[in-house]
Amino acid sequence: MKVRYLTEVALEAIKRSPDDFLPCFSEETNAALVALLRERVGTDEIFRETTYVFPDAPLPVSREGASELEAVRAVFSAMKDLPPAVAMDERLWSGIAIDLCWNYLRKRWGIDELFASGGNGVKAAVLEHFFFMHNPRRSFTRNAISRLWWLGKLTYDESLADPFQRTGVVMQDLGYVVDLLERNFSNNPRITREFMDAVESARVEVAARNLVILRPELRALCKYLNMLGGVYILDTMPEGSIYAKIRAKAISLARDSSRKPVDDEKVEDDADDAL
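## A word on the overall build of the chain
Inference 1: Helices and strands together make up the secondary structure of the chain, namely 17 helices and four strands.
Inference 2: Taken over C-alpha atoms, the radius of gyration comes to 20 Å for the chain, in line with the 19 Å a tight globule of 275 residues would show.
Inference 3: Taken along its principal axes, the extent of the C-alpha atoms in the chain is 65 × 40 × 35 Å.
Inference 4: Residues counted as buried form 48% of the 275 residues belonging to the chain.

Next comes the structure, spelled out in structure tokens:
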């Protein structure tokens, strides 16, 4: 299926008066939303076709990690050649969400359930998953469709027997999404890959000593990498050097698996402090 992006005037119309459009997202199809958009912008042209192709098969809607991994595989494989500059455009992902993935979004992110329960939180869910409602870096992993592409972009590695092997790791530990993928240094996939490989290698080593590396340690490691970026130009560091530094630091931060710090009870989403 050809990808169509949402025109600037159509996107602005929704973002300017979201409450007017919100009831449309309770419908089984996008027909009501499209009709209202055409009325508000005064033209039938609210989408424009691109040369990019989206998977023909419906995306799996289960909230299980395996299903999300399959969705990443499908979207990134179909749009692997998408230029990063285009992949940063809200109009593209909002257009796909509304035009091609209406049912996927409503079911995968519980939009139907939120409307059925009285609408509490539905506005925030719609705006976050259909559009960009945060700073650009954070929005990439919150918009329901751009999330799938960027998870693939930052973890895909053709040198592996399964190029999506690291993507599977991310699906098992979504702390990576907030604590690593939403930070600026993850623009370079090599840095992301070395970081993840170092953490997973350290986890295997410390497990033999009944030690663990969990979300608080992962956050500390991201801040450590951010600090390294203030000393070195990360993109120019020799291959393997980031891996070595992060692995050593991860091992030093590992803690006894029986000790549960307060941070484990509630981990705040503070990825923005590195943006």
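## Looking at the side chain of Asp 173
Inference 1: Among the structural elements, Asp 173 can be located in the loop between helix H12 (165-172) and helix H13 (175-181).
Inference 2: A relative accessible area of 19% means that Asp 173 is categorised as buried.
Inference 3: Those residues within four positions of Asp 173 in sequence are excluded, and the remaining contacts are Arg 203 and Leu 218.

## Comments concerning unusual backbone geometry
Inference 1: A positive phi is found at Asn 210, a non-glycine position, where the angle reads about 60°.
Inference 2: The residue Asn 210 is located in the loop between helix H14 (189-207) and strand E3 (211-212) in this model.

## Examining the pattern of salt bridges
Inference 1: Going through the model one piece at a time under the given rule, you end up with 20 salt bridges.
Inference 2: Of the charged contacts in the structure, one is a salt bridge between Asp 89 and Arg 91, with a shortest N-O distance of 2.7 Å.
Inference 3: Among the ionic pairs, Glu 205 bridges to Arg 247, the shortest N-O distance being 2.4 Å. One end of the pair, Glu 205, is in helix H14; the other, Arg 247, is in helix H16 (residues 241-253), and 42 residues separate them in sequence.
Inference 4: What makes Glu 205 partly exposed here is its relative accessible area of 34%.
Inference 5: Accessibility expressed as a relative area gives 23% for Arg 247, which makes it partly exposed.
Inference 6: The network of salt bridges with shared partners includes Glu 8, Asp 89 and Arg 91.

## Quick word on the packing of aromatic side chains
Inference 1: The tally for this structure, following the rule as stated, stands at 13 aromatic pairs.
Inference 2: Ring centres of Phe 76 and Tyr 156 lie 5.3 Å apart, and the angle between their planes is 50°; this geometry places the pair in the tilted category. Highlighted residues: Phe 76 in helix H4 (residues 65-78) and Tyr 156 in the loop between helix H11 (146-155) and H12, separated in sequence by 80 residues.
Inference 3: Centre to centre, the rings of Trp 93 and Trp 149 are 6.3 Å apart; their planes meet at 40°, and the pair counts as tilted. With Trp 93 in helix H6 (residues 90-99) and Trp 149 in helix H11, the pair connects residues that are 56 residues apart, well separated along the chain. Summarising the burial analysis for this pair, Trp 93 and Trp 149 share the class buried.
Inference 4: Ring pairing ties together the aromatic residues Phe 76, Trp 93, Phe 132, Phe 140, Trp 149, Trp 150, Tyr 156 and Phe 164, which thus form one cluster.
Inference 5: Above the ring of Tyr 224, the side-chain terminus of Lys 249 is found at 5.1 Å from the ring centroid.

## Some details on the side chain of Arg 147
Inference 1: Note that Arg 147 resides in helix H11.
Inference 2: Among the polar contacts made by the side chain of Arg 147, one reaches the main-chain carbonyl oxygen of Thr 141 at a distance of 3.0 Å.
Inference 3: Setting aside its immediate chain neighbours within four residues, Arg 147 contacts Glu 68, Trp 109, Phe 140, Thr 141, Leu 174 and Val 177.

## Some points on the nonpolar core
Inference 1: Counting residues in hydrophobic clusters, the biggest one holds 80 residues, and the most contacted among them are Trp 93, Phe 131, Ile 145 and Phe 195.
Inference 2: Top element by residues in this core is H14. It accounts for seven residues.
Inference 3: Beyond its immediate sequence surroundings of up to four residues, Phe 195 is in contact with Tyr 176, Leu 180, Leu 218, Leu 221, Cys 222, Leu 225 and Ile 246.

Cut-offs used in this document
- Residues numbered from 1 in each chain as written.
- Predicted model: local features only at pLDDT ≥ 70, side-chain atom pairs only at ≥ 80, totals over all residues.
- Heavy atoms only, no water.
- Helix = DSSP H or I, 4+ residues; strand = E, 2+ residues; numbered from the N terminus.
- Rg over C-alpha atoms; globule rule 2.2 N^0.38 Å.
- Buried < 20%, exposed > 50% of the residue type's maximum accessible area, 1.4 Å probe, protein only.
- Contact = heavy atoms within 4.5 Å.
- Salt bridge = Lys/Arg side-chain N within 4 Å of Asp/Glu carboxyl O.
- Phe/Tyr/Trp six-rings, centres within 6.5 Å; stacked < 30°, edge-to-face > 60°.
- Lys NZ or Arg CZ within 6 Å of the ring centre and 35° of its normal.
- Polar contact = N/O pair within 3.5 Å; in protein donor to acceptor, adjacent residues only side chain to side chain.
- Core = buried A, V, L, I, M, F, W, Y, C linked by side-chain atoms within 4.5 Å.

Shape is all these values report; function is a separate question.
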